[in-house]
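Descriptive structure summary
Chain by chain, the residues run as shown.
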Amino acid sequence: MLKKVRSIALLAGCAPFLAACVSTPAQAPIAVPDNLQVAANQVLTLEAKATGVQIYQCAATPADASKFEWHFVAPQAELYDQQDNKIGKHYAGPTWESNDGSKVVGAVQAQSKAPDTDAIAWLLLSAKSTSGIGVFGLTQSIQRLQTLGGAAPADGCDQARLGQQTRVPYQAVYRFYAAKS
């Protein structure tokens, strides 16, 4: 009987830990397309989750001024660490700015269609410029992965809406890489 009581007490004491394991889903690794891989001489320095909008403006198409489409203007998003603490922001440039004051401005090097057809493309960017001595100060490459939403609207852009902007919600994972030391 004493063994049974000890076993029940042991299980009861472990219950909170077991519940935490069951309620926290394991995240599967991201399958990054080959054309979005970073150079072997770089190491991951930060993975941030972004939540915000992609801003588009209704404009005439370059090939035919009588036709209209949504043109990308800029992103506007907040950046969060793995514990959901706000660590920075993402805006036109494209620029990522940390709460520590460091910044990186990127230039698109490659892209791949997102698995979700309503999502913006996955990207590989190189650092065009950096500033500050914080988390983004030594960034060389950036990946935009696991995008949700953010694609330009398929319709609603016509002469009556010329110049109007729309904001499309999106989420993404951004990975930042620096040279191996």
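Reference entry: report on the structure contained in this document. If you're wondering where the values come from, they're calculated on a predicted model, not measured in any experiment.

So, on to the overall build of the protein. When helices and strands are tallied, the protein shows one helix and eight strands. Scanning the protein from its N terminus toward the C terminus, one meets helices and strands in the order α-β-β-β-β-β-β-β-β. With 181 residues in all, the protein has 34% of them scored as buried. For the protein, long-range pairs separated by at least 24 residues make up 61% of all intrachain contacts whose partners lie at least 6 apart in sequence. Just so you have it, the protein exposes about 11,100 Å², and 57% of that area is on carbon and sulfur atoms.

Another aspect to go through is the sheet that holds strand 4 (residues 95-98). Within the closed barrel, the eight strands sit side by side as 1-2-3-4-5-6-7-8. Their pairing is antiparallel. Strand-to-strand twist of the sheet, defined as the mean angle between neighbouring strand axes without regard to direction, takes the value 30 degrees. Where strand 1 (residues 42-60) lies against strand 2 (residues 68-80), twelve bridges are found, and the strand directions are antiparallel. What sits directly across from Ala60, in strand 2, is Phe68.

A complete count under the given rule lists four aromatic pairs for this structure. Residues Tyr56 and Phe72 carry aromatic rings whose centres are separated by 5.8 Å and whose planes lie at 70 degrees to one another, so their mutual orientation is edge-to-face. Of this pair, Tyr56 sits in strand 1 while Phe72 is found in strand 2, placing the two residues 16 residues apart along the sequence. By relative accessible area, which is 7% here, Tyr56 ends up buried. For Phe72, a relative accessible area of 46% translates into the label partly exposed. Between Phe136 and Phe176 the ring centres are 4.6 Å apart and the planes differ by 45 degrees, which places this aromatic pair in the tilted class. Note that Phe136 is positioned in the loop between strand 6 (122-131) and strand 7 (139-149) and Phe176 in strand 8 (residues 165-179), a separation of 40 residues in sequence. Here a set of aromatic residues connected by ring pairs shows up, and it is made of Trp96, Phe136, Tyr174 and Phe176.

The subject of this paragraph is the environment of Val105. Within the secondary structure layout, Val105 lies in strand 5 (residues 103-112). As for Val105 and Ile142, which are separated by 37 residues in sequence, their C-alpha atoms are 9.7 Å apart. Ignoring anything within four residues of it in the chain, the contact list for Val105 reads Gly93, Pro94, Thr95, Ser126, Ala127, Lys128 and Ser129.

Let us look at the nonpolar core. Membership of the largest hydrophobic core comes to 23 residues, with the highest contact counts inside it found for Leu79, Trp96, Phe136, Ile142, Tyr170, Tyr174 and Phe176. For this core, the secondary structure elements donating two or more residues are strand 1, strand 2, strand 6 and strand 8.

Calculation rules
Residues numbered from 1 in each chain as written. Predicted model: local features only at pLDDT ≥ 70, side-chain atom pairs only at ≥ 80, totals over all residues. Heavy atoms only, no water. Helix = DSSP H or I, 4+ residues; strand = E, 2+ residues; numbered from the N terminus. Buried < 20%, exposed > 50% of the residue type's maximum accessible area, 1.4 Å probe, protein only. Contact = heavy atoms within 4.5 Å. Areas by Shrake-Rupley, 256 points an atom, 1.4 Å probe, with all protein chains shown as cover. Pairing = 2+ DSSP bridges. Axes fitted to C-alpha atoms, helices over the stretch in contact; angles between N-to-C directions. Phe/Tyr/Trp six-rings, centres within 6.5 Å; stacked < 30°, edge-to-face > 60°. Core = buried A, V, L, I, M, F, W, Y, C linked by side-chain atoms within 4.5 Å.

Geometric values such as these leave the question of function open.
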